[in-house]
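Secondary and tertiary structure notes
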Amino acid sequence: MEKGKIIAAIDGSFHSSKVIEKAIEFAQLMGLEVLLVHCHKKFPTILGEPYREKAINDIVSSAEDTVKPFRKMLQNSEVGFSERVLEGPAGSVIPEVATIEKCHMIVMGSRGLTDLEGLIIGSVTHRVLHLASCPVLVIK
């Protein structure tokens, strides 16, 4: 039988380390695994080669650099985990993944790298709160 999952949504912001710490804590308490999720911007569609390929490589490399320290935190915790690096707007991708993966909870930061978009609560967090079919823990 597959273990239940908690999504730890990270973007590399200050809050991401706290998100991973809380996700690990809840996973240990509840006997769940962590699903590390990072959403990167869409791949360009109007660039010609070789510029498109370079842009895609840059996006993939940046996403890997973002995920790497959080993957290390999870490996050190000995909590079971998997990861998804996905293309698209995090505000709609995260709730979709939570539904598909039948996640018990989403853990995410109150604000991410786009502070200007959300004055009180981040716009991505706000969207996830409205679209998610499972509980969302927002970390300050």
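Below: a short report on this structure.

Cut-off values and rules
Residues numbered from 1 in each chain as written. Predicted model: local features only at pLDDT ≥ 70, side-chain atom pairs only at ≥ 80, totals over all residues. Heavy atoms only, no water. Helix = DSSP H or I, 4+ residues; strand = E, 2+ residues; numbered from the N terminus. Rg over C-alpha atoms; globule rule 2.2 N^0.38 Å. Buried < 20%, exposed > 50% of the residue type's maximum accessible area, 1.4 Å probe, protein only. Contact = heavy atoms within 4.5 Å. Areas by Shrake-Rupley, 256 points an atom, 1.4 Å probe, with all protein chains shown as cover. Lys, Arg positive; Asp, Glu negative; His and termini not counted. Charge placed at Lys NZ, Arg CZ, Asp CG, Glu CD. Core = buried A, V, L, I, M, F, W, Y, C linked by side-chain atoms within 4.5 Å. Axes fitted to C-alpha atoms, helices over the stretch in contact; angles between N-to-C directions. Left-handed = near helix turned anticlockwise from the far one by under 90°.

Along the backbone of the chain there are four helices and five strands. Going from N to C terminus, the chain has its helices and strands arranged as β-α-β-α-β-α-β-α-β. Over its C-alpha atoms the chain spans a radius of gyration of 15 Å, differing by no more than 12% from the 14 Å that the globule rule assigns to 140 residues. Principal-axis analysis of the C-alpha atoms places the extent of the chain at approximately 50 × 35 × 25 Å. Out of the 140 residues in the chain, the part that is buried amounts to 41%. Considering only contacts in the chain between residues 6 or more positions apart, those separated by 24 or more positions represent 72%. Carbon and sulfur atoms provide 57% of the accessible area of the chain, an area that totals close to 8,200 Å². Between the centroid of the 16 positive side chains of the chain and the centroid of its 17 negative side chains there is a distance of 3 Å.

Structurally, the position occupied by E101 is in the loop between α3 (90-100) and β4 (105-109). Judged by its relative accessible area of 19%, E101 is buried. Discounting chain neighbours no more than four positions away, the residues touching E101 are K5, L35 and R84.

What follows deals with the environment of K5. As for its placement among the helices and strands, K5 is situated in strand β1 (residues 5-9). The spatial distance from the C-alpha of K5 to the C-alpha of A98 is 8.7 Å, given a sequence separation of 93 residues. Ignoring sequence-local partners within four residues, the contact set of K5 consists of L32, E33, L35, E101, C103, H104 and M105.

Let us look at unusual backbone geometry. Although it is not a glycine, E78 sits at a positive phi angle of roughly 65°. Tracing the chain through its elements places E78 in the loop between α2 (51-77) and β3 (81-87). Residue class for E78 comes out exposed when judged on its relative accessible area of 74%. Positive phi values are uncommon outside glycine, yet K102 reaches one of about 55°. Summarising the element assignment, K102 is placed in the loop between α3 and β4.

By size, the foremost hydrophobic cluster in this structure holds 18 residues, and its most contacted members are I6, I10, I20, V34, L36 and V107. Within the residue set of this core, elements represented by two or more residues are β1, α1 (15-30), β2 (33-40), α2 and β4. Once you skip the residues sitting within four places of it in the chain, I10 turns out to touch S16, V19, I20, L36, V37, H38, T66, V67 and F70. In terms of nonpolar packing, the next biggest core, distinct from the first, is built from 15 residues, L35, I94, I106 and M108 among them.

All right, on to the packing of α3 against helix α4 (residues 123-131) then. Two numbers describe how α3 lies on α4: the axes approach to 8 Å, and their chain directions differ by 35°. Once α3 is placed against α4, the crossing between them reads as right-handed. Judged by residue contacts, A90, G91, S92, I94 and P95 of α3 engage V124, R127, V128 and L131 from α4.

These results come straight from atomic positions and should not be treated as a statement about function.
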